[in-house]
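Structural description and commentary
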Amino acid sequence: LFQYCLSGHPTLPCNVLKFKSTTIMLDCGLDMTSTLNFLPLPLFFCHCLNCMKGLHVASLSALFQTELLDLSTVDVILISNYHCMMALPYITEYTGFTGTVYATEPTVQIGRLLMEELVNSIERVPKAQSASMWKNKEVQRLLPAPLKDAVEVSMWRKCYTMPEVNAALSKIQLVGYSQKIELFGAVQVTPLSSGYALGSSNWIIQSHYEKVSYVSGSSLLTTHPQPMDQASLKNSDVLILTGLTQIPTANPDGMVGEFCSNLAMTVRNGGNVLVPCYPSGVIYDLLECLYQYIDSAGLSNVPFYFISPVANSSLEFSQIFAEWLCHNKQTKVYLPEPPFPHAELIQTNKLKHYPSIHGDFSNDFKQPCVVFTGHPSLRFGDVVHFMELWGKSSLNTVIFTEPDFSYLDALAPYQPLAMKCVYCPIDTRLNFIQVSKLLKEVQVRNLLCPLGGCSPSAHPRCLGAAGEPPAVQGEGATGVASPPHLVFLAQLADSLVPLEIKPGISLATVSAVLHTKDNKHVLQLPPKPAQPPASKKRKRVSDDVPECKSLKPLLSGSIPVDQFVQTLEK
């Protein structure tokens, strides 16, 4: 078993597994935080945004570390949820990939909607000019922050097109939960419910004698999807764990309550509420909570608008994927009743949906109101128009519920801003306490955590559940699961700084190269970062030294708050 970690994003993983002569890619998430480096794309000419000298959104972030692996050698791609397939067109259409992609039907259909909304939002605002010279390192370092500090901008790509999306989706084979799929007679893969989103999956990858479990974007909370299948994960030889919540202290129920109370307070005071969101997922739960809340809060006459090119399709899909829903919602289908109450909100005209702000919306628009629209980055989509429209009044409120983007960075181009900003991130993915309990129940032999998805130095509660600390990988890292004996070089051992996490157990983070020969495994010092060549004279291949990027420092432990505050004051 050999694994490559190709993504540095904690909740948008991309891992490649070499197992029994089969090369399997696990997810292909698209990191769109690079859009925060750019100015928003206004739908109309906007003096505030157009007068600012800078680059408007044109690029999406680097997919992953492609120099580690020839992606044309990948046999199969397994998708865990619709957020983790957004980079699929870049792989299937640009790398020579000829394999098969496996995903559940809701994942494919809702993933298509997310891609369609992304493409529509970018393409409907034509750019008068396009620039690429800024990607030159010599030019980039002269740019203002944050662009001058952005890394590997040469790997950023223009947004794909709908023909490329359709071509990518045509390579997907639909699967159901617990369906066993044979890969070349060597490996069998099986999707399991992960409890996070409609159709979201964990995967079992097994041969005749070994079992590998891939757990990504999972939830043990009771929401609208089918609950997580934990039993099938038991007795795995290796469990690859990623996609944990990055806001473990934000309780989802508490955040929903805060969302509703801030919304009601704003509307009662005559203001409007803007909710930047994706067209699927958390919005279903928010609409369900508001359905139960609006009458008691006296909001019956306040219109709710859902604006997205795919709004209608999203609301319809949520009602027809009954077999992928939790038991309570499945039983409603046989009554028959719609599983989600937003159907009733639409029938009573309390919720209206529109493909854009043009046409019917312009005629129906009434204030005060609540608007759900995208994109959560505030860099493109109809949300840009509403930020400009409502940003100058302190009566209005923007409520951030998606945890994927820094709300302060998202708001930066709109400053100074008079409207109130509320941060209520709702993330139902596993936190570290839940992971600890899960690992004790499923009894895995080895735990592998791509760095960012679960960092043991920052979150010691992840340790001990599998009997020993997990192996942790950073972006661009490769790893062999469960080496039987590891030998540290003396220089490497001297550099370790153990931290006691509980009596008798200490922890130290290690950055090293694993050298394996004759069944002996030695951890060696990592090579130093490559120095620029002194001359232009070409080296022979035999003279080349392995290059290594500068290692990022890892922080751990608790902050001495008093000392920290005093230092800040100085």
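Residues numbered from 1 in each chain as written. Predicted model: local features only at pLDDT ≥ 70, side-chain atom pairs only at ≥ 80, totals over all residues. Heavy atoms only, no water.

The condition that has to hold: UniProt positions are given in the numbering used here, feature names are shortened, and annotations may be inferred rather than shown by experiment.
If you look the chain up in an unreviewed UniProt entry, it shows as Integrator complex subunit 9 from Rhegmatorhina hoffmannsi. You can read under Sequence similarities (unreviewed entry) in the UniProt record for the chain the words "Belongs to the metallo-beta-lactamase superfamily. RNA-metabolizing metallo-beta-lactamase-like family. INTS9 subfamily."

A few points about the overall build of the chain
Counted only if it meets this: Put simply, DSSP H or I for four residues or longer makes a helix, DSSP E for two residues or longer makes a strand, and each gets a number counted from the N terminus. A 1.4 Å probe rolled over the protein chains alone gives each residue an accessible area, and that area as a share of the maximum for its type sets the label: buried under 20%, exposed over 50%, partly exposed in between. Throughout, a contact is declared for two residues whenever any of their heavy atoms are within 4.5 Å. Here the accessible surface of atoms and residues is derived via Shrake-Rupley with a 1.4 Å probe, and residues count as covered only by protein chains that are part of the display.
The helix and strand inventory of the chain stands at 16 helices and 27 strands. Within the chain, buried positions represent 50% of all 570 residues. Within the chain, residue pairs in contact and separated by at least 24 positions form 72% of the contacts whose partners lie at least 6 positions apart. Put simply, the chain shows about 27500 Å² of open surface, and 53% of that area lies on carbon and sulfur atoms.

Points about unusual backbone geometry
Across the junction of Gly 374 and His 375, the peptide omega takes the value 20 degrees, indicating a cis bond. For His 375, the location among the structural elements is in the loop between β17 (370-373) and α12 (383-390). Between Gln 415 and the following residue, Pro 416, the backbone shows a cis peptide bond with an omega angle of -5 degrees. Relative to the elements of secondary structure, Pro 416 occurs in the loop between α13 (407-411) and β19 (420-423). Here Ser 178, not a glycine, exhibits a phi torsion of approximately 70 degrees, which is positive. Looking at where Ser 178 falls in the secondary structure, it is placed in the loop between β8 (172-175) and β9 (181-183). Given a relative accessible area of 45%, Ser 178 falls into the partly exposed group. With phi around 55 degrees, Phe 184 is a residue other than glycine that occupies positive phi space. With respect to the element layout, Phe 184 can be found in the loop between β9 and β10 (187-193).

Section: the pattern of salt bridges
Rule in force here: Salt bridges are identified by distance alone: a Lys or Arg side-chain nitrogen within 4 Å of an Asp or Glu carboxyl oxygen.
With the rule as written, the count across this model stands at nine salt bridges. The partner of Arg 429 in a salt bridge is Asp 427, and the shortest N-O contact between them spans 2.9 Å. Taking relative accessible area as the criterion, Arg 429 reaches 9% and is therefore assigned buried. Taken together, the salt bridges that share partners define one network made up of Asp 404, Asp 427 and Arg 429.

Describing the pairing of strand β27 (residues 520-524)
Stated formally: At least two bridges found by DSSP between two strands is the condition for calling them paired.
Inspection of the sheet shows strand β23 (residues 486-488) paired to β27 by three bridges, in the parallel sense. Looking across to β27, one finds that Leu 486 is bridged to His 521. Where strand β26 (residues 513-517) lies against β27, five bridges are found, and the strand directions are antiparallel. The residue of β27 that forms the bridge with Thr 516 is His 521.

Some remarks on the environment of Pro 368
One can find Pro 368 in the loop between α11 (360-364) and β17. In this structure, the C-alpha to C-alpha distance between Pro 368 and Arg 268, residues 100 residues apart in sequence, is 8.8 Å. With sequence-adjacent residues up to four places away left out, Pro 368 is seen in contact with Val 267, Gly 270, Gly 271, Asn 272, Val 302 and Pro 303.

Let's talk about the pairing of strand β6 (residues 100-104)
Applied cut-off: Seen with its strands pointing away from the viewer, a crossover is right-handed if its path from the first strand over the helix to the second goes clockwise.
Most of β6 sits inside the fold, with four of its five residues counted as buried. With helix α2 (residues 88-94) bridging strand β5 (residues 76-78) and its parallel neighbour β6, the resulting β-α-β unit is right-handed. Relative to β8, β6 runs parallel, the two being bridged by four bridges. In the sheet register, Val 101 faces β8, and the bridge partner there is Ile 172.

Describing the packing of helix α6 (residues 252-268) against helix α7 (residues 282-293)
Which entries qualify depends on this criterion: The axes used here are C-alpha line fits, helices contributing only the stretch in contact, and every angle between their N-to-C directions lies in the interval 0 to 180 degrees. Working rule for angles: under 35 degrees goes down as roughly parallel, over 145 as roughly antiparallel, 65 to 115 as roughly perpendicular, anything else as oblique. Here is the rule for handedness: rotate from the far helix to the near one, and if that takes an anticlockwise turn smaller than a right angle the crossing is left-handed, while a clockwise turn gives right-handed.
For the pair α6 and α7, interaxial distance at closest approach is 11 Å and the crossing angle is 60 degrees. Accordingly, the angle class assigned to the pair α6 and α7 is oblique. Handedness of the α6/α7 crossing: right-handed. Contact with α6, carried on its side by Val 256, Phe 259, Cys 260, Ser 261, Leu 263 and Ala 264, involves Leu 286, Cys 289, Leu 290 and Tyr 293 of α7 and no other residues of that element.

Some remarks on the nonpolar core
For clarity, the threshold we go by: Definition used in this section: a nonpolar core is a set of buried Ala, Val, Leu, Ile, Met, Phe, Trp, Tyr and Cys residues joined via side-chain atoms within 4.5 Å.
By size, the foremost hydrophobic cluster in this structure holds 108 residues, and its most contacted members are Ile 77, Tyr 160, Phe 372 and Met 387. Per-element tally for this core: the top contributor is helix α3 (residues 105-123), with eight residues. Aside from chain neighbours lying at most four places away, what touches Met 387 is Leu 274, Leu 378, Val 398, Leu 411, Tyr 414, Leu 417 and Met 419.

Considering helix α14 (residues 432-442)
Looking only at α14, the buried set comprises Phe 432, Gln 434, Val 435, Ser 436, Leu 438, Leu 439 and Val 442. In this structure, the buried residues of α14 make contact with β13 (238-242) and β20 (446-450). Positioned one or two residues after α14, Gln 443 has a phi angle of 55 degrees, which is positive.

Quick look at the layout of surface pockets
The following threshold applies: A 1.4 Å probe that fits into a set of points on a 1 Å grid over the protein atoms alone but cannot get out defines a cavity; an open set with protein on both sides within 12 Å along at least five of seven lines defines a pocket, and lining residues are those with an atom within 4 Å of a point. Grid points are joined across faces, edges and corners, and a volume is the space filled by probe spheres set on the points. Charged means Asp, Glu, Lys or Arg here, nonpolar means Ala, Val, Leu, Ile, Met, Phe, Trp, Tyr, Cys or Pro, and polar covers whatever is left, Gly included.
In this structure, the second largest pocket occupies an estimated 810 Å³ of space. In terms of lining residues, the second largest pocket is bounded by 39 residues, among which Thr 223, Pro 252, Asp 285, Ile 426 and Thr 428 are the most central. Elements that contribute at least two residues to the lining of the second largest pocket include exactly α6, α7 and α9 (327-333). The element that contributes the greatest number of residues to the lining of the second largest pocket is α7, accounting for six residues. Split by residue class, the lining of the second largest pocket holds 17 nonpolar, 14 polar and eight charged.

Focus: the packing of α3 against helix α5 (residues 162-169)
Relative orientation of the contacting elements α3 and α5 amounts to 165 degrees, with a least axis distance of 10 Å. Between α3 and α5, the crossing angle belongs to the class labelled roughly antiparallel. The handedness of the crossing between α3 and α5 is right-handed. Contacts between α3 and α5 involve Val 108, Arg 112, Met 115, Glu 116 and Val 119 from the first element and Met 162, Val 165, Asn 166 and Leu 169 from the second. Among the residues forming the contact of α3 with α5, the class breakdown is six nonpolar, one polar and two charged.

Things to note about the packing of aromatic side chains
Which entries qualify depends on this criterion: Note on aromatic contacts: the rings of Phe and Tyr and the six-membered ring of Trp form a pair at centre separations within 6.5 Å, being stacked when their planes are under 30 degrees apart, edge-to-face when over 60 apart, and tilted otherwise.
On inspection of all chains with the given rule, the structure shows 17 aromatic pairs. Seen in terms of ring centroids, Tyr 177 and Trp 324 are 4.9 Å apart; in terms of plane orientation they differ by 75 degrees. Their pairing is edge-to-face. One end of the pair, Tyr 177, is in the loop between β8 and β9; the other, Trp 324, is in the loop between α8 (311-320) and α9, with 147 residues separating them in the sequence. Classification of Trp 324 as buried rests on a relative accessible area of 7%.

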